[in-house]
Each structure stands twice: as C-alpha cells, then as structure tokens.
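# Secondary and tertiary structure notes
Here are the chains, one letter per residue:
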Amino acid sequence: MKKINKLYLILILMEFAPFARAQKSNITDIIPPLKLISGAADTVVVSDLFYLPEYNVTFPPVKEFKTEYNKEKGILVITPSESFEGISSIEVKSGADTYSIPVYVRKLALINFTFKPAKKYKSVFLFGSFNNWNRSAVQMKDENGQGIYTASVSLEPGRYEYKFYADGEELIDPANKETVPNGLGGINSVLNIPNSHSGKIFLHKLEMNGSLFTFYLETDQSVKITPANIIAFLDNKRINSGQVHINGNRISIDLPKKGLKEAKLFRAAADIEGLVSNMQMVPLSKGKPEGNSAPFSWYDASIYSIMIDRFNDGDKRNDKPVIHDSLSMKANYNGGDFKGITKKINEGYFNALGVNTLWISPVNDNTDNAFREFPPPHRWFTGYHGYWPVSADKVEEKFGTFADLKNLIAAAHKHNIKVLLDFVSHHVHQEHPFYKEHPDWFGKLKLPDGRLNLRLWDEQRLTTWFEPYMPSFDFQHSKEAVEVMSNNAVWWLKSTGADGFRHDAVKHVPNNFWRALTRKIKEKIDIPLHRNVYQIGETFGSYDLVNSYINNGQLDAQFNFELYNTALSVFIDPSRSFSDLNNEIKKGLDVFGTVNLMGNIMDSHDKNRYMAYADGEITLNQSDAIELGWNNPPEVEHATSYEKGELYYAYMFTVPGLPVIYYGSEFGMTGAADPDNRRMMRFGNDLNGNEKKMLAKVSEIVKIRAGNSALRYGDYYPVTADKDIFAYIRSDFYERVLVVLNKSEEEKDADLTLPSFYKTVSAYDLAAKTGYKVKGNIIHLKVKPRGWMILKLK
C-alpha cells in the first residue's frame, strides 16, 4: 500500500473540516411553533425543538420576548410580554446560521365554576379535560358556608369536558344542561369558551407560479392588509417582508430561490391585531409542493392495524394454544402468524385495499402460561396479543421464526408497504429475565400507603402497574433501564428492517425515555442510513398531555383519541351536531398543525368495534360492553349499518391526519370490548354480501385519498356543519376537494356556498363519476341517507 502524503492528508482534512462543523451545527429538523401565554414564563427542553449533536446555541434578544438559555440543563425559559398577543418568532443561532422559531402568544380567560349540590360535602374538586382529569388538582371552596362551592381556572378558548369530584363521587354540573357520553358508561358536562377575537380570518391557497405562491386572506376585519400582517417561513428561516406582495386581499410570497430545492416546508399565516389565521403548511419536494408524483412521505400513509394471532394462520405447525381448564379460546392463541400475514401481502390483499402501511402487534416472545386478570371476575388470559413480553430479542414461536418476521417485512417492502412494529417499553412480564435479574430497574407494586399500584392511570401515571404480574419500568430512577430499553428498540429496527414503531402506553412512560430513544434513532438510523423512522404513540388524555410527547425530540405523532371520542358520539347520536365535530377538528389542527401525522381511528384493539355502535348493539354510555362480549356477542343485523360504517370511513379518510384501519373493520366486523373486538379475521367467501359491498366501497375511499394530494397535504376549510350535514374543503396548490357527509336517515338537499375567490365552475364526484355545475358560487347536491360525496372542484 502506498504511503499517503501527509500534506495531502492535512489539506483533505482542512477541506472537510468546515463541512464537519456545519454538520454539527446545522438544524435540519423543522422547528414546530411554540404556544405561549401572555406574560407567563414557559420552559422548553431544547432537544424537543431540534436535533443537534451538541447544543452550542444562543438565543439573541427579540422584541416582545425574554429568553434565558441554560446550556447545562438544556432548557430555554421564554416569557412573552404581557401586552403582546398574536404570532411572531424568536431566533436561535447555531454555528454561522440563524434560525427562526414561530411563536403563538395568547391571552387566557378566567373561568369561574360554581357547584351547588343538594347536600353538604367534606371536599369537592373540579376535574376535566383541561387538567388531564386530575381529581385532586383544583379544590373548590365553600367560602361562605352556604353549600356553594367555587373555583376559578384560566383557560384558552375551546371545548372542555368536566365533572365535580365530591367525597369520592363523580358528579356532573347540575346547572349545565350540555352533556356528552364519556365512552366509559358515564356522562360529562361540556363547557365551550369562545375566542376573545370574534372576527373571521382564514388564509386560503390560490395559485403558484414557480417560486411565487399566492394566497387569499378571507376576513371581516376592516383594515388594510400590509406585509407586516404576514409571517412566513421557508424551513426554519423567516421570509423577509420585502418578498411579500399585497394586492387587496391577495397575498403573494416570493420564496428565496437559494436553497428552495432542498427545502422541506413552507409556512405562512396572517395576524391582524392579535387575530391570527390558520397556519398554511406546504410540504415541499424539490422546490414544489408535495403531490401525487412525489416520493412517499409519511403524510401519504394509510395505516392498517393487525393483531398477528387473529389475522391469518399461514403455518399450522406452530398452532399451540395454552392448555388451561379455565381458559376460553377468546383469550387464547387462535393461530395467526407471520406467514399468514406474508401470504396476504403476496396475494395482494393490502394493495387491493389501497393501504400502504402495516402496524403489527408486538412480536416479542410471550409467556406460555395463563394468568388471571386482577379486576373481577378474574378471568384467565394468555399473551396472545403480544403485550406480555418475556424476551428482549426472541419472537413469539407461535407466530413463527425471526426469519419469518424478516420475510414478512421484505415482502411488504416489495409491495411498497411500510411496516410499523409495536414496541412495549412500559413493562415486561414477571417471567422476563430483565425483571428476574434486575428488579431495581422496576417500580414497586405496593405504594407507601399500603395500596397496590394497579391501574391508577392518572394518580400514579408514570409508575402504575397494569397487572400484578406485569412489572412497570422505573425509568425516572434507573438510567440503566433507559439505556437498555432504548438500545433494544433500535436493535429491533436495524435487525428487522422495519420502518417505525407504534408505541404502547406512552403516557405511562416518562419523557426522558422517549428523548433517549429518539436521539439514538436519529444518530444510528435516520442520519447515517438516510432513513426517516416514523413513531406514533398511544396516549389517552388531554391535548396538552398528548402533545407533550410530540416534537422533534420524542415522537412524530399519537393517535387522536380526543377527536375519535367526539366523532364517535356525533356519528352515532342523531341529536348531536356536526358543529361539535368541526370544532374538535379545528382544536386538533390548532394543537398539532394543519398538516400533521396524527392517527385517526374508527376503532382499535382497545375499543368497541364501531359496527356494534352503528347497529345499536352497544350504546355510547353503556358500561357492560365487556360482559356483553363474553355472554352475548353482537352480530350486525341491519344492512344500513354497513352504510354507516362507509360514512365514517369517508370522514376518516378525508380529514387531516393519517387514517388507521383496524383489521376487519374494512368490511364491517363487529365486536364488543376486549377480547370480543379481537375476533378471527375473515376473507373472500367467508364474507356475506353486505360485507363484500362495504369492503369494495372502503377500498374506493382509500384509493380516493391516495389519488388526491389535497386529502393528504391540504388545508381544512369548513363550509357547513349542522345536525345532519357536514361539508368541508381540502385544498393544496394542485386541487380542491369538497367532502359532503349526511348522517341522517333521509335524503338531504345541500345548497353549499363556496368562496367566490375560488372561481369554481363545476364539481366532479370522484366516486359516482358524475359532474355538477356551480352557479353563482353555489352548488346544489342531493345527498343520500347515510351518504357521502367526495367532489373535485374545478
């Protein structure tokens, strides 16, 4: 081997040194907006904002904000001025570059709650969706001893559900007639807080010409719009006001050509004296908005959820149910396996349906024994579902071999399908070597007061055990446990070739674990292998709690259960208005962004099947769905129930976020609570006529989303939302799509007024393949009972 010239080597190192330094200081994550309260200090973990190998950054002083950065702790304290309200930005300097972070600042309303019960209570607390249903956070006081309890809470505008907790009893507000079922067999009171700014404001996409993007600002504010009212960002760089051109309500923004082809996101919003519009988000690919011809991005994902044991039996040799005299087959292994899923991939089932992402239940080896559930009536279960792991690196032998799992993922990739593994980080089974050899990694089952720390979902959120035989990790006090489990997650990705994770029980795992895991994924997979691992979590709780795990340093998304709860109630209850669902959608977009990766569901392995509600077998406030599933499992009796299912799919596949199909729901499989909602999957001739018809319709809906970029990247503009009819428009810079839903049992006439500046002349029904004329900005439609229409506007 020839000796390398030392001078040449020094020159090479000098040439690449600036590049290496730039790699260490370049911020490539798109920094999400911060949401702050006027005059209130807020603390932000900087690694949640963006990834850097080392956080040698500074935050220059900015008008309207006070910033204090503690490099050792990695936290930034931001305090907006008390007088400021609206949208602005702060700056962060890293290396030679300065980046901008969008910041929303709002003022809170002080809301007074009053409770006058019929009897005297020793203690009364206020709890609700605004404090993650914490029963001890807000104590109400009877100041005058007259039996009237009061409490005040500062809240943002929005819709909240709440109750009173009096001497251990949950009570609705007797003075508030607005209530909703809570999905747990009870009722919650509802509070709607209007926005302090009553004006209308919406920023619409109009057209693009090269690097010039034009919007229209719809507003009832009688002010002259100037470039100062517009804030825009290309990736993390704020666009100079000189590049913003105003012509009445038309706003044109000329994007800087330097770096445009490498840019990932263009954002723009308007602010009129604190009244802030929607933030338009335009994902980019090679300098153009993402569209149907762009490479796959996670915004394109349509997810299909599979419980391995209940999907398809591809290898009878590994059918080995647990033998136990008190064990029902509903709670035992039914034979589904890796080869069964691979068979359906190769047969083209998922391609025919139109989905492009599979989420498969946990693959880890589980205990071979049956265990008794702690709550009465103490039934016996196995780990057929995969959530009782006893190994960190072995797969469940009843599902197949490690090679079978890798073949499944390889087959999926060959069919252009991504695969998400279900990772369990909260707990292991008591037979797991981790618990046997390292009990110090885990929390204690008994609390100091002698109670068992079992299923205390909110009271002991980060330490509670799910069962006495499922020890919960204590990540807050065991760095070794964090290191081992985060390494294990990375190992599964690298060893199998999977594309991401669905994470179990996220809210019961502290943030420090997710930060450690995501940093390792970026450093060991995303950056060196040029991949983009997607992580979606499961959290039942308030928007604030759910969102506290979604950022560049933790997870990409979570399932939107708050939206699901409202959607379920609105679609099933004839008396509830679509206006409630519209408000919930807008609340979610305000929290997660107008283009987001949140998971939208119809049902899941933890929820009653939607068809059981649609068919009237289960009511919204029914509390005995578990016993119903065991003793009198529902069957679909009405043909119209399948149309109700199709209607929900038309909604779920046309609103912002990623739609998630739970296996079998595509043809209307029914079921009560777990385990009845986990019946064996059926295919082909095992489906009846109504099920085959629904399957074909759902496939059509899935493919409409896949073929129309506005349904994946577009904004959300509601046209009407009343008791029966819901209509909204999704727009990107390529197309506009109008969605119309009718949940009533009667055909409805829908006369819809479209924005005049859209200049719409016709509409084309993408399902029925029929056209409609638009006259004077009004389109007249007849919508069938339980019907839906998805129309492309021209």
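Scroll up to find the structure.
Residues numbered from 1 in each chain as written. Predicted model: local features only at pLDDT ≥ 70, side-chain atom pairs only at ≥ 80, totals over all residues. Heavy atoms only, no water.

## A closer look at the overall build of the protein
Each helix and strand in the protein was counted, giving 16 helices and 43 strands. In terms of overall dimensions, the protein is globule-like: its C-alpha atoms have a radius of gyration of 27 Å, near the 28 Å expected for 794 residues. C-alpha extents for the protein along the principal axes are approximately 85 × 75 × 70 Å. Among the 794 residues that make up the protein, the fraction classed as buried is 57%. Looking at the protein alone, contacts between residues at least 24 apart form 70% of all its contacts between residues at least 6 apart. Carbon and sulfur atoms provide 51% of the accessible area of the protein, an area that totals close to 34,000 Å². Distance between charge centroids for the protein: 5 Å, based on 95 positive and 95 negative side chains. (Helix = DSSP H or I, 4+ residues; strand = E, 2+ residues; numbered from the N terminus. Rg over C-alpha atoms; globule rule 2.2 N^0.38 Å. Buried < 20%, exposed > 50% of the residue type's maximum accessible area, 1.4 Å probe, protein only. Contact = heavy atoms within 4.5 Å. Areas by Shrake-Rupley, 256 points an atom, 1.4 Å probe, with all protein chains shown as cover. Lys, Arg positive; Asp, Glu negative; His and termini not counted. Charge placed at Lys NZ, Arg CZ, Asp CG, Glu CD.)

## Here we look at the pattern of salt bridges
Under the criterion given, the structure shown has 48 salt bridges. A salt bridge links Glu218 to Lys200, with the nearest nitrogen and oxygen atoms 3.0 Å apart. In this pair, Glu218 sits in strand S17 (residues 212-219) while Lys200 sits in the loop between strand S15 (187-193) and strand S16 (201-209), placing the two residues 18 residues apart along the sequence. On the basis of relative accessible area, Glu218 is assigned to the buried category, the value being 15%. The structure contains a network of salt bridges with shared partners spanning Asp368, Glu396, Glu397 and Lys398. (Salt bridge = Lys/Arg side-chain N within 4 Å of Asp/Glu carboxyl O.)

## Comments concerning the sheet that holds strand S4 (residues 65-70)
One open sheet accounts for three strands, arranged S2-S5-S4; its pairing is antiparallel. The sheet is open, and its two edges are formed by strand S2 (42-45) and S4, each paired on a single side. Recorded for the sheet is a direction-independent mean angle of 20 degrees between the axes of neighbouring strands. Pairing of S2 with strand S5 (residues 75-80), which is carried by four bridges, proceeds in the antiparallel orientation. By the bridge assignment, Thr43 is partnered in S5 with Val77. (Pairing = 2+ DSSP bridges. Axes fitted to C-alpha atoms, helices over the stretch in contact; angles between N-to-C directions.)

## Comments concerning helix H7 (residues 479-496)
Here H7 is 18 residues long and its end C-alpha atoms lie 26 Å apart, about the 26 Å a rise of 1.5 Å per residue gives. Ala481, Val482, Met485, Ser486, Asn488, Ala489, Val490, Trp492, Leu493, Ser495 and Thr496 are the residues of H7 that are buried. The positive-phi residue at the C-terminal boundary of H7 is Gly497, with phi of around 80 degrees. (Expected span 1.5 Å × (residues − 1).)

## Observations concerning the packing of helix H3 (residues 338-347) against helix H5 (residues 402-414)
Describing two packed helices takes the angle between their axes plus the distance from one axis to the other. Put simply, H3 and H5 touch, their axes get as near as 9 Å, and they point 15 degrees apart. With respect to their mutual orientation, H3 and H5 come out roughly parallel. Here the hand of the crossing between H3 and H5 comes out left-handed. Seen from H3, the contacting residues are Phe338, Lys339, Ile341, Thr342, Ile345 and Asn346; seen from H5, they are Asp404, Leu405, Asn407, Leu408, Ala411 and Ala412. Along the lines of polarity and charge, the residues of the contact of H3 with H5 split into seven nonpolar, three polar and two charged. (Parallel < 35°, antiparallel > 145°, perpendicular 65-115°, else oblique. Left-handed = near helix turned anticlockwise from the far one by under 90°. Nonpolar A, V, L, I, M, F, W, Y, C, P; charged D, E, K, R; others polar.)

## Details of helix H11 (residues 578-592)
If you check H11, its first and last C-alpha atoms are 21 Å apart, about what 15 residues at 1.5 Å a residue would give, namely 21 Å. Burial within H11 is extensive, with 11 of its 15 residues counted as buried. Phe578, Asp580, Leu581, Asn582, Glu584, Ile585, Lys587, Gly588, Leu589, Val591 and Phe592 are the residues of H11 that are buried. Where H11 ends, the next residue or the one after it, Gly593, has phi of about 100 degrees, a positive value.

## Points about the nonpolar core
Grouped together as the largest cluster of nonpolar side chains are 143 residues, with contacts concentrated most on Tyr304, Phe350, Phe571, Leu581, Tyr651 and Leu741. Aside from chain neighbours lying at most four places away, what touches Phe571 is Phe578, Leu581, Tyr610, Leu647, Tyr648, Tyr651, Leu741 and Lys743. Listed in part, the 24 residues of the second largest apolar core include Phe213, Leu275, Val282 and Phe733. (Core = buried A, V, L, I, M, F, W, Y, C linked by side-chain atoms within 4.5 Å.)

## Notes on the sheet that holds strand S7 (residues 97-106)
Spatial strand order, S1-S7-S6-S3: four strands in an open sheet with mixed pairing. Two strands lie at the open edges of the sheet, namely strand S1 (34-37) and strand S3 (57-58), each paired on one side alone. Bridge analysis of S3 against strand S6 (residues 86-94) gives two bridges, and the strand direction is antiparallel. Looking at S6, one finds that Val57 is bridged to Ser94.

## Examining the pairing of strand S35 (residues 658-662)
With respect to burial, S35 is a largely interior element, five of its five residues being buried. Alternating positions in S35 separate into two faces, Leu658, Val660 and Tyr662 on one and Pro659 and Ile661 on the other, with burial throughout. The pairing of strand S26 (residues 303-306) with S35 spans three bridges and is parallel. Residue pairing in the sheet places Ile303 in a bridge with Val660 of S35. Alignment of strand S34 (residues 599-601) against S35, held across three bridges, turns out to be parallel. Across the sheet, Gly599 pairs through a bridge with Leu658, a residue of S35.

## Things to note about the environment of Thr463
With respect to the helices and strands, the residue Thr463 is situated in the loop between helix H6 (433-437) and H7. Along the primary structure Thr463 and Val509 are separated by 46 residues, whereas in three dimensions their C-alpha atoms are 8.1 Å apart. Contacts of Thr463, omitting those with residues within four sequence positions, involve Asn453, Ser472 and Gln476. A polar contact is formed between the side chain of Thr463 and the side chain of Asn453, at a distance of 3.0 Å. (Polar contact = N/O pair within 3.5 Å; in protein donor to acceptor, adjacent residues only side chain to side chain.)

## Side note on the side chain of His508
Mapped onto the secondary structure, His508 falls in the loop between strand S31 (500-503) and helix H8 (511-529). Separated by 2.8 Å, the side chain of His508 and the backbone oxygen of Arg461 make a polar contact. Those residues within four positions of His508 in sequence are excluded, and the remaining contacts are His426, Trp457, Arg461, Leu462, Thr464 and Phe466.

## Some thoughts on the packing of aromatic side chains
One pass over the full model with this rule turns up 60 aromatic pairs. For the ring pair Phe473 and Phe475, a centre distance of 5.0 Å and an interplane angle of 15 degrees mean the geometry is stacked. Overall, Phe473 belongs to the buried group, its relative accessible area being 3%. Ring geometry for Phe757 against Tyr758: centres 5.5 Å apart, planes inclined by 85 degrees, an arrangement best described as edge-to-face. Judged on exposure class, the residue Phe757 and its partner Tyr758 are both buried. Counting every residue linked through ring pairs, the aromatic cluster contains Phe571, Phe578, Tyr610, Tyr648, Tyr651, Tyr716, Phe726 and Tyr728. Arg135 extends its terminal NZ or CZ atom over the ring of Tyr165, reaching a point 5.7 Å from the ring centre. The ring of Tyr99 is capped by Lys237, whose NZ or CZ atom sits 5.0 Å from the centre of that ring. (Phe/Tyr/Trp six-rings, centres within 6.5 Å; stacked < 30°, edge-to-face > 60°. Lys NZ or Arg CZ within 6 Å of the ring centre and 35° of its normal.)

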